[in-house]
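Notes for the structure review
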Amino acid sequence: GENEIVDLDVEDAPNGATVTVEATPQSPEVTEEKGQPSEASQQTAVPISDTKKSKPPLEFEQKRARLCRKLEDLVNGFFEFGVSVVDFQQDSQPYVFKRINKIIKYMREIDEIKRTVDWGVPFDVLRLVDDAKNPDLFTRDFTERLAAENQFTNGKIQAFRDFHEMLEKELGEAFPEQLAQYKSIKDEIE
């Protein structure tokens, strides 16, 4: 069968609760129970206290997925608001207010999530978003720039190695005794 990925939103569950996941390809379902899970769902029950202990990858992915969902909700809310404003009529004013309140709710939820994370967004990414460009351009350009700088630096390192070998060869021909003394001191230090 197909693998199902189920996101758990454990932050909203009360302490001591157990989040039970019963997912089938036809109907994914998440329930919250107090105390022990039923025997049928014993294998899928995740105590919240155990979930919070496995912080790094699981908690990060849960927060990231939750933030992505909330941002998608906000974008959809703005779209719905835009549609309702374009078709605005006096009798649709409650509908517009409902959309505004929904946007405010989404922003409040994103603000709450923001307080629990410490991720940084590069300023260049924000500038691209403001310019209505794809933020993936930043990643591509940054990667290309790093590859070019890496290649340039590797070229410099190789040039210094070649110069060192050539200098050592020339010094060996011109000053063989001093070079032998230098190499013995160098070997002692290393």
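Summarised in this report is the structure supplied together with it. These figures come from a predicted structure and were not determined experimentally.

Here we look at the side chain of Lys63
Here Lys63 is to be found in helix α2 (residues 55-86). You can call Lys63 buried: its relative accessible area is 13%.

Describing the nonpolar core
Formed by Leu67, Leu74, Ile103, Tyr106, Ile110 and Ile113, the largest nonpolar core amounts to six residues. Mapped by element, the contributors of at least two residues to this core are α2 and α3 (93-114). In terms of residue count, the dominant contributor to this core is α3 (four residues). Aside from chain neighbours lying at most four places away, what touches Leu67 is Ile110, Ile113 and Trp119.

Digging into the pattern of salt bridges
In the structure shown here, the tally under the stated rule is twelve salt bridges. The residue Lys70 makes a salt bridge to Glu109 at a minimum N-O spacing of 3.2 Å. Of this pair, Lys70 sits in helix α2 while Glu109 sits in helix α3, and the two are 39 residues apart along the sequence. Two residues, Glu144 and Arg140, come together in a salt bridge whose shortest N-O distance is 3.9 Å. Taken together, the residues span about one helical turn, with Glu144 and Arg140 both in helix α5 (residues 136-174) at a distance of four residues. A relative accessible area of 45% places Arg140 in the partly exposed class. Because the salt bridges share partners, they merge into one network encompassing Lys70, Lys105 and Glu109.

Reading the values: rules and limits
- Residues numbered from 1 in each chain as written.
- Predicted model: local features only at pLDDT ≥ 70, side-chain atom pairs only at ≥ 80, totals over all residues.
- Heavy atoms only, no water.
- Helix = DSSP H or I, 4+ residues; strand = E, 2+ residues; numbered from the N terminus.
- Buried < 20%, exposed > 50% of the residue type's maximum accessible area, 1.4 Å probe, protein only.
- Core = buried A, V, L, I, M, F, W, Y, C linked by side-chain atoms within 4.5 Å.
- Contact = heavy atoms within 4.5 Å.
- Salt bridge = Lys/Arg side-chain N within 4 Å of Asp/Glu carboxyl O.

What is shown is where atoms sit, not what they do.
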